Amino acid sequence: MLQRIFATSLAFFEQVGLIGRLIGETLYHIFRGDIDFKETIKQMVALGVESIFIVLIVSGFTGMVFSLQVSQEFARFGAASLIGQLLGLAVVRELAPVLTGVVVAGRAGSAIAAELGTMKVTEQVDALKALATSPVQYLVVPRFLACAIMVPILTIFANLIGVFGGYLVSVYQVGVIPAVFWESTVAFLRPYDLFASLFKAFFFGIVIVIAGCFKGLNTKDGAQGVGDSTISSVVSGMIAVFIANYFLSALLFK
């Protein structure tokens, strides 16, 4: 049993070391300016722009459901003026960045792991090394920058559509006065809340792309390994988003 515990611990710290090395090499190339801007823009479209529709659907209906549950209870106790405040804080601080991170981890994270995993098992990554080209600079840096930029942008849209969805339900289904809803929302939301939301999204984007790239570049065992890496990247990315969300919330909203 002690031998298994030691082997598991050793494997865990080995994985942590490899992830740290991947992050270090990625940041090294970024600070050196080794950036393929054309490929970065391509990845921004593939990983970010093409995810907008899913993010809007998820955030919009989440805001509507949240408002449906809360508005009825608040209106019953004569606290309708607090609906906009609660919805705005919940969406901007937590729901929008977390849901955006989950959507991107499911869609973009899996795509990254599958693409890089396929390149790994077909020896395209080894070919890059043979041509004296860094796989990290050529494959990871554009995806890293794309996720770090696009996840906060997607979160902005998620904030807007989430609050708007809650507004529709509160006003047209529960009967809250529109002016009361917006005054409550604007009065209690601060610029710091939006900053914290975007900072969370930025961090989630980094976590997701590192999980996808790490799993993809360490794929083994052919086609089955590609599938395993894809599933593992999605699971790891989502778990990392939820864990990071707690610590970021504790840090940003003391």
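Residues numbered from 1 in each chain as written. Predicted model: local features only at pLDDT ≥ 70, side-chain atom pairs only at ≥ 80, totals over all residues. Heavy atoms only, no water.

A.B. asks: What is the right way to look at the overall build of the protein in this model?
C.D. replies: If you tally the helices and strands in the protein, you get 9 helices and 0 strands. Written out in order from the N terminus, the α and β elements of the protein read α-α-α-α-α-α-α-α-α. With the C-alpha coordinates aligned to their principal axes, the bounding extent of the protein is approximately 70 × 50 × 35 Å. Per-residue burial over the protein gives 43% buried out of 254 residues. Considering only contacts in the protein between residues 6 or more positions apart, those separated by 24 or more positions represent 86%. Surface accessibility of the protein: about 13300 Å² in total, with carbon and sulfur atoms responsible for 71%. With 16 positive and 15 negative side-chain charges, the protein shows a spacing of 4 Å between the two charge centroids. (Helix = DSSP H or I, 4+ residues; strand = E, 2+ residues; numbered from the N terminus. Buried < 20%, exposed > 50% of the residue type's maximum accessible area, 1.4 Å probe, protein only. Contact = heavy atoms within 4.5 Å. Areas by Shrake-Rupley, 256 points an atom, 1.4 Å probe, with all protein chains shown as cover. Lys, Arg positive; Asp, Glu negative; His and termini not counted. Charge placed at Lys NZ, Arg CZ, Asp CG, Glu CD.)

A.B. asks: Would you mind going over empty space enclosed by the protein with me for this structure?
C.D. replies: One way to see where empty space is left: roll a probe the size of a water molecule over the atoms. For the structure on display, the rule yields 1 cavity of 30 Å³ or more. Taken as a whole, the largest cavity spans an internal volume of roughly 40 Å³. For the largest cavity, the full set of lining residues is Ser 59, Thr 62, Gly 63, Val 91, Leu 95, Ala 96, Leu 99, Ala 158 and Gly 162. If you list the elements that add at least two residues to the lining of the largest cavity, you get helix H3 (52–76), helix H4 (83–121) and helix H6 (135–174). At 4 residues, H4 tops the list of elements feeding residues into the lining of the largest cavity. Looking at side-chain class alone, the lining of the largest cavity contains 5 nonpolar, 4 polar and no charged residues. (1 Å grid on protein atoms, 1.4 Å probe; cavity = no way out; pocket = protein on both sides within 12 Å on 5 of 7 lines; lining within 4 Å. Points joined across faces, edges and corners; volume = space filled by probe spheres on them. Nonpolar A, V, L, I, M, F, W, Y, C, P; charged D, E, K, R; others polar.)

A.B. asks: Looking at this model, I keep getting lost on the layout of surface pockets. Mind explaining?
C.D. replies: As a volume, the largest pocket reaches approximately 390 Å³. For the lining of the largest pocket, the elements supplying multiple residues, two or more each, are helix H1 (2–32), helix H8 (191–217) and helix H9 (222–252). The element best represented in the lining of the largest pocket is H8, accounting for 7 residues. For the lining of the largest pocket, a count of residues per class yields 11 nonpolar, 2 polar and 1 charged. Its boundaries defined by the atoms lining it, the second largest pocket holds a volume of some 330 Å³. Leu 22, Glu 25, Val 136, Leu 217 and Asn 218 are, among the 13 residues lining the second largest pocket, the residues nearest its centre. Only H1, helix H5 (124–130), H6 and H8 provide two or more residues apiece to the lining of the second largest pocket. The leading source of residues in the lining of the second largest pocket is H1, at 4 residues.

A.B. asks: I tried to follow the environment of Pro 178 on my own but got confused; where do I start?
C.D. replies: Its place among the elements puts Pro 178 in helix H7 (residues 178–188). Sequence separation between Pro 178 and Val 103 is 75 residues; the distance between their C-alpha atoms is 30 Å. Excluding residues within four positions of it along the chain, Pro 178 makes contact with Tyr 167 and Val 171.

A.B. asks: What is the right way to look at the packing of aromatic side chains in this model?
C.D. replies: Aromatic ring pairs are reported here in terms of the distance separating the ring centres and the angle at which the planes meet. The final tally for this structure, using the stated rule, is 9 aromatic pairs. Summarising the aromatic geometry, the rings of Tyr 167 and Tyr 172 are spaced 6.4 Å apart at their centres and angled 90° between planes, so their arrangement reads as edge-to-face. Of the residues examined, Tyr 167 reaches a relative accessible area of 11% and is grouped as buried. Assessed through its relative accessible area of 63%, Tyr 172 is described here as exposed. A centroid spacing of 6.1 Å and a plane angle of 40° characterise the contact between Tyr 192 and Phe 195, whose relative ring orientation is tilted. A residue pair is termed a helical-turn pair when its members lie 3 or 4 positions apart in one helix, as Tyr 192 and Phe 195 do in helix H8 at 3 residues. Among the residues examined, Phe 195 registers a relative accessible area of 47% and is labelled partly exposed. Each residue in the set Phe 164, Tyr 167, Tyr 172, Phe 181 and Trp 182 is aromatic and connected to the rest through ring pairs, giving one cluster. (Phe/Tyr/Trp six-rings, centres within 6.5 Å; stacked < 30°, edge-to-face > 60°.)

Purely geometric stuff here, so don't read any function into it on its own.
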